[in-house]
Amino acid sequence: MLSEINLKVVDLKKSYKNIPAINGVSFDIHKGDILSIIGPSGAGKSSLLRNIIQIESPDYGEVYIDGEILFSKTEDKKNIISHADMMKRKEKMGMIFQHFNLFPHKTALENIIEAPIIVKKINREEAIEEALKLLDRVGLKDKSESYPNELSGGQKQRVAIARALAMKPAILLCDEPTSALDPELIGEVLSVLKELAKEKMTMIVVSHEISFVRELSTNIAFMDGGKIIAMDGSEDFFNNQKNERIIDFLNKIYHK
Ligand SMILES: Nc1ncnc2c1ncn2[C@@H]1O[C@H](COP(=O)(O)OP(=O)(O)OP(=O)(O)O)[C@@H](O)[C@H]1O
Ligand SMILES: [Mg+2]
């Protein structure tokens, strides 16, 4: 059975100061897929996530979420969508960042309930109840009243994951979620992401934690120079890799 396409990206392009960072990227993700994007620094991985979730507006291409247009800018001008539709569809994606991006003046709980209350118009009591469940799920039941500066990096990232989940996203984008963490804190964040994977959350993960990538991903994309050079099922990517450039990259990160 063909599973449902969750996210479709078509010929996406974005330049910064006339230098292309994303140079024609296309791929599909099915429900429950976990796509890991790897590649050298400056390849365009973070730019790609930001332009998919519309934190930035791409120069060209299309993005579809659950079969609906989120972004379209091509020669075919038929697909213009209203700002309201775009905002609604954007809610289907959550993102977590390398540096957590929590609101420093809000507690863990307040960080989590803000978007559900303001964007989704959920009443405060319901939002709090859900947020407490999410904090429990990421192992931080007793930290609801803590401010970000009272939390470790791993705890901050787990709050950030709970905050993204509070919007009930159909897909979660993770940009190097553990690369700002001390080694002993990486595991606690990865285990939350592994739980989500088990629950079949669709995810795109940019990460250099190669053993995690290998264990978790259904698909791997290798990005270089703003393009996806290769994309394969995880098994084939690691075991039958023929591309010299990728073999060289994998050797380097395995032996770091
Ligand atoms: N807002 C911006 N303004 C100007 N240039 C940018 C901007 N964002 C990204 N770039 C440029 O786009 C290119 C791709 O950057 P990007 O951050 O997407 O790479 P990356 O693959 O995430 O790298 P890393 O592994 O170091 O995080 C780089 O040359 C970068 O300098
Ligand atoms: Mg990056």
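The residue numbering used here restarts from 1 in each chain and proceeds along that chain's sequence as written. Just so you know, chain letters begin at A and ligand numbers begin at 1, following the order they were written in. At least 70 in pLDDT is required for a residue's local features to be given in this predicted model, at least 80 for side-chain atom pairs to be given and counted, and no such filter applies to totals for whole chains, interfaces and linings, which use all residues. Think of the side-chain values as coming from all heavy atoms in the structure, minus any hydrogens and water.

As recorded in an unreviewed UniProt entry, the protein chain goes by Amino acid ABC transporter ATP-binding protein and comes from Brachyspira catarrhinii. UniProt positions are given in the numbering used here, feature names are shortened, and annotations may be inferred rather than shown by experiment. The UniProt entry for the protein chain carries this comment under Sequence similarities (unreviewed entry): "Belongs to the ABC transporter superfamily."

**Focus on the overall build of the protein chain**
Of regular secondary structure, the protein chain possesses nine helices and 10 strands. Counting only C-alpha atoms, the protein chain reaches 50 × 50 × 45 Å along its principal axes. Counting every position in the protein chain, which comprises 256 residues, the buried fraction comes to 50%. Each accessible area is a Shrake-Rupley result for a 1.4 Å probe, and residues are judged covered by the shown protein chains and nothing else. Total accessible area on the protein chain stands at roughly 12,700 Å², and carbon and sulfur atoms take up 51% of it. Under the convention used here, Asp and Glu are negative, Lys and Arg are positive, and both His and the chain ends fall outside the count. To locate a charge, the coordinates of NZ of Lys, CZ of Arg, CG of Asp or CD of Glu are taken. Across the protein chain, 35 positive and 38 negative side-chain charges occur, with their mean positions spaced 3 Å apart. The helix count covers DSSP runs of H or I at least four residues long, the strand count covers runs of E at least two residues long, and both are numbered beginning at the N terminus. Classification of residues uses two cut-offs on accessible area relative to the type maximum, computed with a 1.4 Å probe and protein chains only: under 20% is buried, over 50% is exposed, and between them is partly exposed.

**What about the site of ligand 1?**
Any residue with a heavy atom lying within 4 Å of a molecule or strand is counted as near it. Close to ligand 1 lie Tyr16, Ala21, Pro40, Ser41, Gly42, Ala43, Gly44, Lys45, Ser46, Ser47, Arg50 and Glu176. Nitrogen and oxygen atoms within 3.5 Å of one another constitute a polar contact, given that in protein one can donate a hydrogen and the other can accept it, and given that sequence-neighbouring residues count only through two side-chain atoms. Separating an oxygen atom of ligand 1 from a backbone N or O atom of Gly44 is a distance of 3.0 Å. Within the contact set of ligand 1, an oxygen atom lies 2.7 Å away from a side-chain nitrogen or oxygen of Lys45. Protein chains bury 61% of the 640 Å² of accessible surface belonging to ligand 1 in isolation. A 1.4 Å probe that fits into a set of points on a 1 Å grid over the protein atoms alone but cannot get out defines a cavity; an open set with protein on both sides within 12 Å along at least five of seven lines defines a pocket, and lining residues are those with an atom within 4 Å of a point. More than half of a molecule's atoms lying within 2 Å of a cavity's or pocket's grid points is what places that molecule inside it. Most atoms of ligand 1, that is more than half of them, are within 2 Å of grid points of the second largest pocket.

**As for the pairing of strand E2 (residues 19-30)**
Across nine bridges, the pairing between strand E1 (residues 5-16) and E2 is antiparallel. Following the sheet pairing, Leu12 is matched in E2 by Val25. Two strands are said to pair when DSSP picks up at least two bridges between them. Counting the residues in the hairpin turn of E1 and E2 gives two residues, including Lys17, whose phi is positive at 50°.

**Topic: the sheet that holds strand E6 (residues 93-96)**
Adjacent strands of a sheet form backbone hydrogen bonds with each other and so pair up, either parallel or antiparallel. Spatially, the six strands line up as an open sheet ordered E6-E7-E8-E3-E9-E10, and their pairing is mixed. Across the chains shown, the open sheet's two edge strands, defined by having one partner strand only, are E6 and strand E10 (227-233). When strand polarity is set aside, the average angle formed by the axes of neighbouring strands in this sheet is 15°. As paired strands, strand E7 (residues 171-175) and strand E8 (residues 202-206) are joined by five bridges and run parallel to one another. Considered in E8, the bridge of Leu173 is made with Ile204. Contacting strand E3 (34-38), E6, E7, E8 and strand E9 (219-224), helix H1 (residues 45-52) crosses the sheet at an angle of about 150° to E7. Of the strands in this sheet, E6 and E7 touch helix H5 (residues 153-165), which is tilted by about 170° from E6. Comment: axis = line fitted to C-alpha atoms, over the contacting stretch for helices; angle = value between 0 and 180 degrees taken between N-to-C directions. Throughout, a residue-residue contact means that at least one pair of heavy atoms, one from each residue, lies within 4.5 Å.

**Brief notes about the packing of helix H3 (residues 108-118) against H5**
Running from amino to carboxyl end, H3 crosses H5 at an angle of 25°, the nearest separation of the two axes being 8 Å. It follows that H3 is roughly parallel to H5 by the angle criterion. In terms of crossing hand, the pair formed by H3 and H5 is right-handed. Contacts between H3 and H5 involve Ala108, Asn111 and Ile112 from the first element and Val159, Ala162 and Arg163 from the second. In this classification, the charged set is Asp, Glu, Lys and Arg, the nonpolar set is Ala, Val, Leu, Ile, Met, Phe, Trp, Tyr, Cys and Pro, and all remaining amino acids, among them Gly, are polar. By residue class, the composition of the contact of H3 with H5 is four nonpolar, one polar and one charged. An angle counts as roughly parallel when it lies under 35 degrees, as roughly antiparallel when it exceeds 145, as roughly perpendicular when it falls between 65 and 115, and as oblique in every other case. Crossings are assigned a handedness: left-handed for a near helix turned anticlockwise from the far helix by less than a right angle, right-handed for a clockwise turn.

**What about helix H9 (residues 244-254)?**
Along an α-helix, residues three or four positions apart point the same way, because every turn accommodates 3.6 residues. Along H9, the positions that sit buried rather than exposed are Ile246, Phe249, Leu250 and Ile253. Along H9, the residues classed as buried sweep out an arc of 95° about the axis, all on the same side. Facing away from the buried side of H9, by more than 90 degrees, are the exposed residues Glu244 and Lys252. Looking at the buried positions of H9, the neighbouring elements they touch are E3, helix H7 (210-216), E9, E10 and helix H8 (234-239). When we speak of the arc, we mean the arc of directions from the helix axis to the C-beta atoms.

**Details of the nonpolar core**
The nonpolar core is taken to be a set of buried Ala, Val, Leu, Ile, Met, Phe, Trp, Tyr and Cys residues, with the residues joined through side-chain atoms within 4.5 Å. One finds Ile112, Val159, Ile161, Leu193, Leu196 and Met203 to be the most contacted residues of the largest nonpolar core, which totals 38 residues. Residue assignment for this core shows that the elements contributing at least two residues are H3, helix H4 (124-137), H5, E7, helix H6 (183-198), E8 and H7. The greatest single-element share of this core, amounting to eight residues, is contributed by H6. Contacts of Leu193, omitting those with residues within four sequence positions, involve Ile96, Ile161, Cys174, Pro177, Met203 and Phe212. In terms of nonpolar packing, the next biggest core, distinct from the first, is built from 27 residues, Val25, Leu35, Leu48 and Val63 among them.

**Describing the layout of surface pockets**
Put simply, the largest pocket is a space of about 620 Å³. Breaking the lining of the largest pocket down by element, the ones donating at least two residues are helix H2 (83-90), E6, H3 and H5. By residue number, the principal contributor to the lining of the largest pocket is H3, which donates four residues. Its residues placed into classes, the lining of the largest pocket shows 12 nonpolar, two polar and four charged. Grid points are joined across faces, edges and corners, and a volume is the space filled by probe spheres set on the points. Volume-wise, the second largest pocket comes out at about 160 Å³. For the second largest pocket, the full set of lining residues is Tyr16, Ala21, Ser41, Gly42, Ala43, Gly44, Lys45, Ser46, Ser47, Glu176 and His208. The element contributing the most residues to the lining of the second largest pocket is H1, with three residues. Here the lining of the second largest pocket is composed, by residue class, of three nonpolar, six polar and two charged.

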